Amino acid sequence: MARVAALLDEWAGAMAVTARERDRWSRAAWLHDALRDAPAADELAHGPAAAERAARDGETDPGVLDAVRYHSVGLAGWDDVGRMLYLADYLEPGRRFDRERRAALAARVPAERDAVLRDVARSRIQRTVGSDWPLAPETVGFWNALVAG
Ligand SMILES: [Fe+2]
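Residues numbered from 1 in each chain as written. Predicted model: local features only at pLDDT ≥ 70, side-chain atom pairs only at ≥ 80, totals over all residues. Heavy atoms only, no water.

### Section: the overall build of the protein
When you go through the protein residue by residue, the secondary structure sums to 7 helices and 0 strands. Written out in order from the N terminus, the α and β elements of the protein read α-α-α-α-α-α-α. Against the 2.2 N^0.38 benchmark of 15 Å for 149 residues, the protein shows a C-alpha radius of gyration of 14 Å, consistent with a compact globule. Along the three orthogonal principal directions, the C-alpha set of the protein runs to about 40 × 35 × 30 Å. For the protein, with 149 residues in total, the buried portion stands at 42%. Here the analysis covers contacts within the protein between residues at least 6 apart in sequence; of these, 57% occur between residues at least 24 apart. About 8000 Å² of surface is accessible on the protein, with carbon and sulfur atoms providing 52% of the total. Side chains of the protein carry 21 positive and 24 negative charges; the gap between the two charge centres is 2 Å. (Helix = DSSP H or I, 4+ residues; strand = E, 2+ residues; numbered from the N terminus. Rg over C-alpha atoms; globule rule 2.2 N^0.38 Å. Buried < 20%, exposed > 50% of the residue type's maximum accessible area, 1.4 Å probe, protein only. Contact = heavy atoms within 4.5 Å. Areas by Shrake-Rupley, 256 points an atom, 1.4 Å probe, with all protein chains shown as cover. Lys, Arg positive; Asp, Glu negative; His and termini not counted. Charge placed at Lys NZ, Arg CZ, Asp CG, Glu CD.)

Listed below in structure tokens is the structure:
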């Protein structure tokens, strides 16, 4: 989570967002994988569980809660915090696969956020489809919103 938070903080600086927005990105980063290693947490369940716990602990920003809840699948109705967390979760440097390609994408985020977002979503969806895993309805809606412009 520290690497995700650090990457979001770097982007927030490069993109000159407000202090309030930077704080929303930071909260989403620290909340999103709070239950990743809890017993019975799986890839699809840990986002919703983390969002419920964040709400219980007093997080009230709907954009931050939706960022956390859907960070593994995507959501058409996301505002910037959801989009940025989705990018950081995939592009953070600690993941072992595709290191050079992901580092290049991460460097492009401040200037070309939406193009990189589409690229990342395409990669993630291709992996899901290529593994014969089902797509969540939220993922389909997210992709359709991205390609609709
Ligand atoms: Fe996660």
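Having seen it, we continue.
### Topic: the packing of helix α1 (residues 2–14) against helix α5 (residues 80–91)
One can describe the packing of α1 onto α5 by two numbers: an axis separation of 9 Å at closest approach and a directional angle of 125°. Compared by their axis directions, α1 and α5 come out oblique. Taken as a pair, α1 and α5 cross one another with a handedness that is right-handed. Only Met 84, Leu 85, Leu 87, Ala 88, Asp 89 and Leu 91 of α5 make contact with α1, whose side of the interface consists of Val 4, Leu 7, Leu 8 and Trp 11. Partitioned by chemical class, the residues of the contact of α1 with α5 number 9 nonpolar, no polar and 1 charged. (Axes fitted to C-alpha atoms, helices over the stretch in contact; angles between N-to-C directions. Parallel < 35°, antiparallel > 145°, perpendicular 65-115°, else oblique. Left-handed = near helix turned anticlockwise from the far one by under 90°. Nonpolar A, V, L, I, M, F, W, Y, C, P; charged D, E, K, R; others polar.)

### Quick word on the coordination of the iron ion
Coordination of the iron ion by the protein comes from Asp 33 (OD), His 46 (NE2) and His 71 (NE2), over a distance range of 2.1 to 2.2 Å. Written as a sequence motif, the donor residues of the iron ion are D-x12-H-x24-H. Here Asp 33, found in the loop between α2 (19–32) and α3 (46–56), pairs with His 71, found in the loop between α4 (62–69) and α5; they are 38 residues apart in sequence, far enough to count as distant. When its relative accessible area of 17% is taken as the criterion, Asp 33 is described as buried. (Donors = N, O, S within 2.8 Å, 3.2 Å for Na, K, Ca; no water.)

### Here we look at the layout of surface pockets
Roughly 650 Å³ of volume is contained in the largest pocket. If you go around the largest pocket, you meet 22 residues; those closest to its centre are Glu 43, Ser 72, Arg 124, Arg 127 and Thr 128. Of all elements in the fold, only α5 and α6 (99–130) reach the threshold of two or more residues within the lining of the largest pocket. By residue number, the principal contributor to the lining of the largest pocket is α6, which donates 6 residues. Tallied by class, residues from the lining of the largest pocket come to 11 nonpolar, 4 polar and 7 charged. (1 Å grid on protein atoms, 1.4 Å probe; cavity = no way out; pocket = protein on both sides within 12 Å on 5 of 7 lines; lining within 4 Å. Points joined across faces, edges and corners; volume = space filled by probe spheres on them.)

### Things to note about the nonpolar core
Of all hydrophobic cores here, the largest spans 33 residues; its most connected members are Leu 8, Trp 11, Leu 87, Leu 91 and Val 120. The greatest single-element share of this core, amounting to 8 residues, is contributed by α5. Discounting residues that sit within four places of it in the chain, Leu 91 has contacts with Leu 7, Trp 11, Arg 102, Leu 105, Ala 106, Val 109, Val 116 and Val 120. (Core = buried A, V, L, I, M, F, W, Y, C linked by side-chain atoms within 4.5 Å.)

### With respect to the packing of α5 against α6
Taken N-terminus to C-terminus, the directions of α5 and α6 make an angle of 90°; their axes are 9 Å apart at the nearest point. As far as their axial angle goes, α6 and α5 are roughly perpendicular. Counted together, Asp 80, Arg 83, Met 84, Tyr 86, Leu 87, Asp 89, Tyr 90 and Leu 91 of α5 and Arg 101, Arg 102, Leu 105, Ala 106, Val 109, Arg 113, Val 116, Leu 117, Val 120, Ala 121, Ser 123 and Arg 124 of α6 form the full contact between these two elements. Residues belonging to the contact of α5 with α6 are distributed by class as follows: 12 nonpolar, 1 polar and 7 charged.

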